[in-house]
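Observations on chain architecture
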Amino acid sequence: MLKAILIYLSQAKWARRIITGWTFSRRAASRFISGDTLEEAMAATQKLNENGLLVTLDHLGEHVEDPASAEGSAAGYFPLLEHIDRISAKAGISLKLTQLGLLIDYDLCLENIKRILAYAEERSNFVRIDIEDSPVIERTIQLYSDLRESGFENVGIAIQSYLFRSEADTYALLDAGARIRLVKGAYKEPPEIAYSNKKDVDVNFDHLARIMIDYSLEHGAEPVSKDGKTPPVVAIATHDEKRIKFSRDYASRVGLKREALEFQMLYGIRTDLQAVLNAEGYPVRVYVPYGLEWYPYFVRRLAERPANLWFFLSNLIRRA
Ligand code: FDA
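Residues numbered from 1 in each chain as written. Predicted model: local features only at pLDDT ≥ 70, side-chain atom pairs only at ≥ 80, totals over all residues. Heavy atoms only, no water.

Quick look at the packing of aromatic side chains now. Throughout the structure, instances matching the rule amount to 9 aromatic pairs. With a centroid separation of 6.2 Å and an interplanar angle of 5°, the aromatic rings of Y287 and Y297 are classed as stacked. On the criterion of sequence distance, the pair formed by Y287 in strand β8 (residues 284–290) and Y297 in helix α12 (residues 295–304) is long-range, its members being 10 residues apart. Here the two residues Y287 and Y297 agree in accessibility, since each one is buried. Where W294 meets F298, the ring centres are 6.0 Å apart and the plane angle is 65°; that geometry is what we call edge-to-face. Judged by its relative accessible area of 1%, F298 is buried. Just above the ring of Y119 sits the side chain of R123; from NZ or CZ to the centre is 3.7 Å. Positioned above the aromatic ring of Y250, the side-chain terminus of R210 is 5.9 Å from the ring centre. (Phe/Tyr/Trp six-rings, centres within 6.5 Å; stacked < 30°, edge-to-face > 60°. Helix = DSSP H or I, 4+ residues; strand = E, 2+ residues; numbered from the N terminus. Buried < 20%, exposed > 50% of the residue type's maximum accessible area, 1.4 Å probe, protein only. Lys NZ or Arg CZ within 6 Å of the ring centre and 35° of its normal.)

Structural data, given as structure tokens:
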């Protein structure tokens, strides 16, 4: 219930106006956001790289409503890719298709992401498409397939274990050679299409991880690239220690080498666990968001963990 309210608030313009109006909100969000600017994000990236961690950078933005803004969002990725290349950062990028105009026009979005992929390709870089809520999932997967058919190989996608359809999608995407980031799912989906029980989401997470690990093993177990930009086929994106243990144990039992099993976590969350996995020899990639459009991302982080919400509210009340 609380999660549903927060997910609603993350998308409500009126709530955004009020909450972003409080200066404390931006300060609270800074636990999860690396900064407002590209320079701040790159400074965070360099620090993570120095500690042996890989990065995927997200220039925050989503649900863009006019073509000029969608094109502007796409253009924002060029200086980012250029900067990563110039300093040889071990980093790729992540983006959302609704940021590039998917809700306005499919072809507009396709052209925007093609420009980004071509620019990234020239710099041997990799682009991950985040997976959003169910109204855009079919189009997201279709667009990913269109990109692969157009010859782009430097693009991956994410899959959510809370959706019933994800098993079929995972098989189809792996057959098409996709590199997949497995997540539980950050939105509120109806019970007709998604597991509402956490246990079922977790069971499906392990099931999908097993499918991905088996596939990788059967197809050469390609490791993370030496420059740290291109992830392996299997990316397990969670802070849940039980899910991580399952993937780690299963991969080691079937003989998948550590470099072919990447773990991913969000900036500011479980940095202790990131360091442990990195020390054990697994590639660990941190999702580093930056920019002014931090509101929906921040509220989703509050929705994931009630303690975050109480921390935010109690500080807010203390300052009032
Ligand atoms: P779970 O919610 O069970 O949490 C396990 C433990 O992790 C908690 O007990 C707590 O210790 C810690 N934790 C989790 N969330 C926390 C938070 N917000 N603050 C502090 N601690 C927290 N989703 C999506 O729909 N599309 C996408 O493309 C992505 N992309 C993505 C990339 C990466 C790298 C990650 C790690 C996650 C995503 N997600 C996502 C978000 C994902 O779907 C999910 O909402 C969050 O990862 C939280 O779920 P956990 O898997 O961590 O498990």
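So, about the sheet that holds strand β4 (residues 155–160). A barrel is described by the order of its strands in space; here 8 strands give the closed sequence β1-β2-β3-β4-β5-β6-β7-β8, paired in parallel fashion. Strand after strand, the sheet turns through a mean of 30° between neighbouring axes, direction not considered. Along the sheet, helix α8 (residues 166–175) makes contact with β4 and β5 (180–183), crossing β4 at roughly 160°. Sheet contacts for helix α9 (residues 198–218): β4, β5, β6 (234–237) and β7 (261–266); angle to β6, the most-contacted strand, approximately 160°. (Pairing = 2+ DSSP bridges. Axes fitted to C-alpha atoms, helices over the stretch in contact; angles between N-to-C directions. Contact = heavy atoms within 4.5 Å.)

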